[in-house]
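# Breakdown of the fold
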Amino acid sequence: MKVVVGSPGTWSGLLLRTGQCVFAGASIGVMVSALGFSNYTAFCYLIASMGLQVLWSLGLACLDVYALKIKRDLHNPVLVSLFVVGDWVTATLSLAAACSSAGVTVLFARDVHFCRTIPQFSCGRFEISVAFAFVSTNYPTGQLSSICCWQITSFPNFGELHA
């Protein structure tokens, strides 16, 4: 099977997973440093979702490091299917959390003007955290999911395995 840039067990895959983990961790760090974030469910959901994203990405990055160290091929149909399902679940949860947090942030900044009327309100940090969440969710997850889906269909006897 052809090795694709960003696929599991490659240097580019490790780089994508590491970036995903770093941006999700940055989103958590910035949100936790914002005053009063815990009063809003969307922001708490963002932290929980990004925490799951960090754990998933860190686990797969460690698997990539292990595969690179022992020169093991991770292009097993069952293993790649697990990566795809895990990426889809974490991407769906993370995107939902980022969108809901972005909606609350826009509400605070533009509709009810909390950012102008309450100076100690952390609107800037909310915006930065949401931006990090979108970066963590959209680019690497979309890239990795499309690569893994392409790899699943490229197995020579994929139909025979699931028939």
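Just so it is clear, the model here is predicted, and its values are computed rather than measured. (Residues numbered from 1 in each chain as written. Predicted model: local features only at pLDDT ≥ 70, side-chain atom pairs only at ≥ 80, totals over all residues. Heavy atoms only, no water.)

### Digging into the confidence of the model for the protein
- Averaged over every residue, the pLDDT of the protein is 84; residues scoring 70 or more account for 82%.
- Taking the mean pLDDT of every element in the protein, the minimum, 49, falls on helix α6 (residues 158-161) and the maximum, 94, on helix α2 (residues 41-70). (pLDDT = per-residue confidence, 0-100. Helix = DSSP H or I, 4+ residues; strand = E, 2+ residues; numbered from the N terminus.)

### Examining the packing of aromatic side chains
- Within this structure, the stated rule accounts for 10 aromatic pairs.
- Ring geometry for F108 against F114: centres 5.2 Å apart, planes inclined by 35°, an arrangement best described as tilted.
- Here F108 and F121 contribute two aromatic rings whose centre-to-centre distance is 5.0 Å and whose plane-to-plane angle is 75°, an arrangement assigned as edge-to-face. Taken together, the residues span a long stretch of sequence, with F108 in helix α3 (residues 77-111) and F121 in the loop between α4 (114-117) and α5 (123-153) at a distance of 13 residues. As far as the burial class goes, F108 and F121 line up, both buried.
- Among the aromatic residues, those joined into a ring-pair cluster are Y40, F43, F108, F114, F121 and F126. (Phe/Tyr/Trp six-rings, centres within 6.5 Å; stacked < 30°, edge-to-face > 60°. Buried < 20%, exposed > 50% of the residue type's maximum accessible area, 1.4 Å probe, protein only.)

### Overview of the state of the cysteines
- Taken as a whole and judged by the stated rule, the model has one disulfide.
- Put simply, C115 and C123 are joined by a disulfide, and their sulfur atoms are 1.7 Å apart. Residues C115 and C123 are joined through a disulfide that is left-handed, its torsion about the S-S bond being -90°.
- Overall, C115 belongs to the partly exposed group, its relative accessible area being 25%. (Disulfide = S-S within 2.5 Å.)

### Section: the packing of helix α1 (residues 11-33) against α2
- The interhelical angle for the contact between α1 and α2, taken along N-to-C directions, is 155°, at an axis separation of 8 Å. Between α1 and α2, the angle falls in the class roughly antiparallel. As for the relative orientation of α1 and α2, their crossing is left-handed in sense.
- The class makeup of the residues in the contact of α1 with α2 is 18 nonpolar, eight polar and two charged. (Axes fitted to C-alpha atoms, helices over the stretch in contact; angles between N-to-C directions. Parallel < 35°, antiparallel > 145°, perpendicular 65-115°, else oblique. Left-handed = near helix turned anticlockwise from the far one by under 90°. Nonpolar A, V, L, I, M, F, W, Y, C, P; charged D, E, K, R; others polar.)

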